[in-house]
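Coordinate inspection notes
Take a look at the letters that make up each chain.
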Amino acid sequence: MVYIAPSLLAADFSALDREVAKIKQADMLHIDIMDGHFVPNISFGPGVVAALRDKTRLLFDVHLMLEHPMPYIAPFRKAGADVITFHVECKDDPEELIAAIRSSGAQAGAAVSPGTPASAIGDWGRHLRQTTVMTVNPGFGGQKLMLDPLRKIFQLKYRFPHLLVEVDGGVNLETAPLCKAAGADILVAGTSVFQAEDPYLEMRCLAL
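Below is a summary of the structure that appears in this document. Along each chain, the written sequence defines residue order, and numbers are assigned to residues from 1. Only residues with pLDDT of at least 70 are given local features in this predicted model, and only at 80 or more are side-chain atom pairs given and counted; all residues enter the totals for whole chains, interfaces and linings. Side-chain calculation: all heavy atoms of the structure are included, whereas hydrogens and water are not.

Points about the overall build of the chain
Along its length, the chain carries eight helices and eight strands. We take the radius of gyration over the C-alpha atoms and set the globule estimate at 2.2 Å times the residue count to the 0.38 power. Taken over the C-alpha trace, the chain has a radius of gyration of 15 Å; the compact-globule value for 208 residues is 17 Å, and the two agree within 12%. Viewed in the frame of its principal axes, the chain has a C-alpha envelope of about 45 × 35 × 30 Å. Only protein chains enter the accessibility calculation, which uses a 1.4 Å probe; a residue is then buried when its area is under 20% of its type maximum, exposed when over 50%, and partly exposed in between. Going through the 208 residues of the chain one by one, you find that 53% of them count as buried. Numbering of helices and strands starts at the N terminus; helices are DSSP runs of H or I of at least 4 residues and strands are runs of E of at least 2.

Pasting the structure below:
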């Protein structure tokens, strides 16, 4: 089974409640959090996440693209995050981050950027719910999927059979079959879903 996680980064920011309503059949909502340091962009804060929490029953998959995610774990959990993912390239200790995420009541995930090997996820990977394989450089939506990072999916699932592996970046009807063939469990799709004429049909086709 493949799960579909539309990325809020591709939604119409002026009408986020309506945008979330039109993807209510999704499996989860992927929310990218950017600090302007780890990546050269700024996106949402805990207030936006909290404002959306009572608008949908979707699982909130919160992706922290932050240099120092530790101070933001509690605020985003309080705002409604169900899964909190940090980047292995961040400056905080991964084991401490995982402990903090799990203590907050959320499930933990770790993301690897395109140039980072799967081996950057250490033995602490056994405590994760999921890993996110970035197939674009983090920070901006609408990029084309890079094929090379897809090989990390097999590497990660071989080491950690329990993990759900998420692919984030450039996922659309053309590239989704490549991600699924590589073993992906979760597809993050932004532009493909939110700009589709029929988002429900788009998600169904992505999952097939």
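As for the packing of aromatic side chains
Stacked, tilted and edge-to-face are the three classes assigned to paired rings of Phe, Tyr and Trp, where Trp is represented by its six-membered ring and a pair needs centres within 6.5 Å; plane angles under 30 degrees give stacked, over 60 edge-to-face, the rest tilted. If you walk through the whole model with that rule in mind, you get three aromatic pairs. Pairing F13 with F44 gives two aromatic rings, centres 5.2 Å apart and planes at 65°, and the pair type is edge-to-face. Highlighted residues: F13 in the loop between strand 1 (3-6) and helix 1 (16-21) and F44 in the loop between strand 2 (28-34) and helix 2 (46-53), separated in sequence by 31 residues. What makes F44 buried here is its relative accessible area of 8%. Note on F86 and W124: the rings are 6.0 Å apart at their centroids and 40° apart in plane angle, and the pair reads as tilted. Highlighted residues: F86 in strand 4 (residues 83-87) and W124 in the loop between strand 5 (107-112) and strand 6 (130-134), separated in sequence by 38 residues. Residue F86 is classed as buried on the basis of its relative accessible area, which comes to 1%. Our definition puts a charge over a ring when NZ of Lys or CZ of Arg is within 6 Å of the ring centre and also within 35 degrees of the ring normal. Stacked on the ring of F60, the Lys or Arg R53 has its end atom at 3.6 Å from the ring centre.

Points about the side chain of R129
Among the secondary structure elements, R129 is positioned in the loop between strand 5 and strand 6. Although R129 lies buried, it forms no salt bridge, and the closest oppositely charged side chain, D61, sits 5.9 Å away as judged by the N-O distance. Only four residue types enter the tally: Lys and Arg on the positive side, Asp and Glu on the negative side, with His and both chain ends excluded. A side-chain nitrogen of Lys or Arg and a carboxyl oxygen of Asp or Glu constitute a salt bridge if their distance falls within 4 Å.

Some points on the sheet that holds strand 1
Two modes of strand pairing occur in sheets, parallel and antiparallel, and in both the strands are linked by backbone hydrogen bonds. Taken in spatial order, the eight strands make up an open sheet running 1-8-7-6-5-4-3-2, and their pairing is parallel. Edge positions in the sheet fall to strand 1 and strand 2, since each has one partner strand and no second. Taken over all neighbouring pairs, the strand axes of this sheet differ in orientation by 25° on average, direction set aside. Paired strands, as defined in this entry, are two strands with at least two bridges between them according to DSSP. Pairing between strand 3 (residues 59-65) and strand 4: four bridges, direction parallel. Across the sheet, D61 pairs through a bridge with V83, a residue of strand 4. A fitted line through C-alpha atoms serves as each axis, taken over the contacting stretch for helices, and the angle formed by two N-to-C directions is quoted from 0 to 180°.

Observations concerning the environment of G36
Inspection of the secondary structure assignment puts G36 in the loop between strand 2 and helix 2. Classification of G36 as partly exposed rests on a relative accessible area of 34%. Separated by 140 residues in the primary sequence, G36 and A176 place their C-alpha atoms 29 Å from one another. Throughout, a contact is declared for two residues whenever any of their heavy atoms are within 4.5 Å. The residues contacting G36, other than those within four sequence positions of it, are N41 and I42.

Details of the pairing of strand 3
Among the seven residues in strand 3, six count as buried, and that is most of the element. When strand 2 meets strand 3, the two strands line up parallel, connected through seven bridges. Looking across to strand 3, one finds that L29 is bridged to F60. Here the term right-handed applies to a crossover when the path leading from its first strand over the helix to its second strand runs clockwise, the strands being oriented away from the viewer. Traced from strand 3 through helix 3 (residues 70-79) to strand 4, the parallel crossover comes out right-handed.

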